[in-house]
Amino acid sequence: MAQQANQALPNGHLLEEYIIDRQLSLGGFSIVYLATDPEGRQVAIKEYLPNSLALRSKGEIKPVITSEHLGAFRYGMKCFFEEGRALARLSHPNVIRVLNFFRANDTVYMVMEYEHGRTLQEFIQKHQGHISERFIRGVFTRLLNGLREVHSNKLLHLDLKPSNIYLRGDNTPVLIDFGAARQTLLTDQPILKPMYTPGFASPEHYGNRKDLGPWSDIYSVGASMYACLAGVAPLAADTRMKKDTLPPAMMRWDGQYSDRLLEIIDWCLNLNHLYRPQSVFALQKALVETITPPRPKANPNWLGRFVEKLRKPI
Amino acid sequence: MRFTIYQESRQGGRSNNEDRTTYCYSRDALLMVVADGMGGHHYGEIAAQIAVQTLADSFQREARPVLNDPFRFLQKGMTNAHHAILDYTARHRLKDTPRTTCVACVIQDNVAYWAHAGDSRLFLMRDGRIVAQTKDHSRIRLLVEEGMITEAQAVFHPDRNKIYSCLGSPTPPEIEFSRKTPLDHGDIILLCSDGLWGEMSGDMIAVALKGANLLQAVPMVLNQAELKGGAHGDNLSVVAVRWEDTYVEEASSAISTQTMSQDEVTTRLEEFGRNPAYKSELSDDEIEDAIEEIRSAIEKYSPPKK
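Definitions and cut-offs
- Residues numbered from 1 in each chain as written.
- Chains lettered and ligands numbered in written order.
- Predicted model: local features only at pLDDT ≥ 70, side-chain atom pairs only at ≥ 80, totals over all residues.
- Core = buried A, V, L, I, M, F, W, Y, C linked by C-beta atoms within 7 Å.
- Buried ≥ 20, exposed ≤ 12 C-beta atoms within 10 Å, placed from the backbone.
- Domains from an automatic or database assignment.
- Contact = placed C-beta atoms within 7 Å.
- Pairing = 2+ DSSP bridges.
- Helix = DSSP H or I, 4+ residues; strand = E, 2+ residues; numbered from the N terminus.
- Axes fitted to C-alpha atoms, helices over the stretch in contact; angles between N-to-C directions.
- pLDDT = per-residue confidence, 0-100.
- Left-handed = near helix turned anticlockwise from the far one by under 90°.

(A) The nonpolar core, seen in detail. Among the nonpolar cores identified, the biggest contains 84 residues, and V98(A), L175(A), Y226(A), I265(A) and C268(A) are the most heavily contacted of them. The two domains that each donate at least three residues to this core are domain 1 (14–113) and domain 2 (117–288) of chain A. When sequence neighbours within four positions are dropped, the list of residues in contact with V98(A) reads G84(A), L87(A), A88(A), M110(A), V111(A), M112(A) and I298(B). Listed in part, the 67 residues of the second largest apolar core include A63(B), I188(B), L190(B) and V218(B).

(B) Seen up close, the sheet that holds strand β7 (residues 117–119) of chain A. All names here are of chain A. Pairing within the open sheet is antiparallel, and its 3 strands lie in the order β7-β9-β10. Both edges of this open sheet fall to β7 and β10 (173–175), since each of them pairs with a single strand only. Sheet twist, expressed as the average angle between the axes of neighbouring strands with direction ignored, equals 30°. With 3 bridges connecting them, β7 and strand β9 (residues 165–168) associate as antiparallel partners. By the bridge assignment for β9, T119 is matched with Y166. Along the sheet, helix α2 (residues 120–127) contacts β7 and β9; its crossing angle with β7, the most-contacted strand, is approximately 80°.

(C) Structural context of the confidence of the model for chain A. Residue and element names in this part refer to chain A. Averaged over chain A, the pLDDT score is 83; the fraction of residues at 70 or greater is 84%. Segment residues 183–193 is flagged for pLDDT under 50; beyond a separation of four residues in sequence, or across chains, it makes 13 contacts in the model. Scored below 50 in pLDDT, residues 308–314 shows 16 contacts in the model against residues more than four places distant or in partner chains.

(D) Region of the structure containing the packing of helix α6 (residues 202–209) of chain B against helix α7 (residues 214–229) of chain B. Residues and elements named next belong to chain B. Running from N to C, α6 and α7 cross one another at 145°; their axes reach a closest spacing of 9 Å. Relative to α7, α6 is oriented so that their crossing is right-handed. Facing I205, A208 and L209 of α6, the residues of α7 in contact are L214, A217 and V221.

Here it is as structure tokens:
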């Protein structure tokens, strides 16, 4: 069966109490709309609509789900619920907030806060390799506050990447798209389809995933920082494990950024998860602490510094 | 760690050798030191001996098998050596303190860290070229940097041996630290006293050592320098290492061997067949329950509306 792209709901469509303004993005798993709530606030609405399992033709509202695909469709819905559950319990300025969740058109919808801004991905593309250390430190330190909150709720994001990091107008970051998020305590849960993005996914993402942990999100944070410097995603972890040709940040940007920042990036990008920062806190600590190499005070007396040395008889 | 190392100290045309060198290594860390005891002051060789001994002793105590903080190690080691020299002076009631220059380098995890006081030098050579070197703590270096004299004039300047930082002087030493420097396969780090670099420029040494076996090439370099130094030539000392690991490859190979085979199997497994739990049904009631649960969570965790 040839696959068609799903049609978005038409602009101006009334979905429960929300008016659809326009489509924001279309993914393989869902469509995100910009909408207005009854109080006139702008919100983002995410519609569960897996491309391969449900098809909405032009002019239709309800998607067609064949009985053959219903099982899988419902199973995927479970994952969507998981994302909703994950986000509903989080209330943090650096994590996207869920405002509502409802069922309509034979599928389910998640309403989230919306703010003007852009993704880090767009920012990187615009500034190709000209992103200041100050900006990187500022964005990631605050982003890690959000990620810490996620991990402290025993959740993993598992799809961290620049396009899932949203920057508000004042450049404060917000973590979005918890589509791959998983409760770490329920690791026996089956996975519909491994969701990961090459370049940003950790080596553990590729295996049988039993080693997934905070360190896996930390790999993705490192990869995102690397992308800020490089302008493009780093080499995918599965390729790196066969032959690692990824130049360490320490070598590639030697002298252009502080040693400490480059060192932190390489630390996060360790292929062995045991060698990475083991918690967001450890990483954050490294990122904010200022290291000044030991340097004894210079003798204030300029002339006093001159010690005569008469080695060779002239 | 894999490396080739060579050290040698020669008397040159002098009546005694006041230079001292040492290197020591644990499983995962390497230390190299060159100290040049200063003539004109008494017992230069004692100061140099104390300096290399102090650093080697603390390395043997602390490198288990790596140093916690190589820069701190160098700072502590050189400062302790400085105080040990002052103590020696007091104990033996010497009229003047013996003094020495000191350059020391630690390599661990394929990263080099070095520090120096005085005019003994460290060169980092890659592909026959100098990529990094220490700056002498000498008046002449300051004059050259300020543009007062040219490099060519410096070679024959009468003050070319006057330095303003050393271990053992009543004024505390000014110790200068390098940056953390990742090493490539084949990089050469060479520490030497001015007896060598005064006769042969770093560039010439780099060319001479390029691709050569250090165990043969370094003595040849010393021969040349000694010859040029003539009948009254200075002591010449050198510790040189060729690094055989790579910052890049080391990091990857160590890990890929650990994780690769296991992962390749699991990756292939994932591509076959579908997950058995894939067919799990979700009834309408379960959907309603899930939505209800999420809504109550939103209610519970959302900040109160203004």
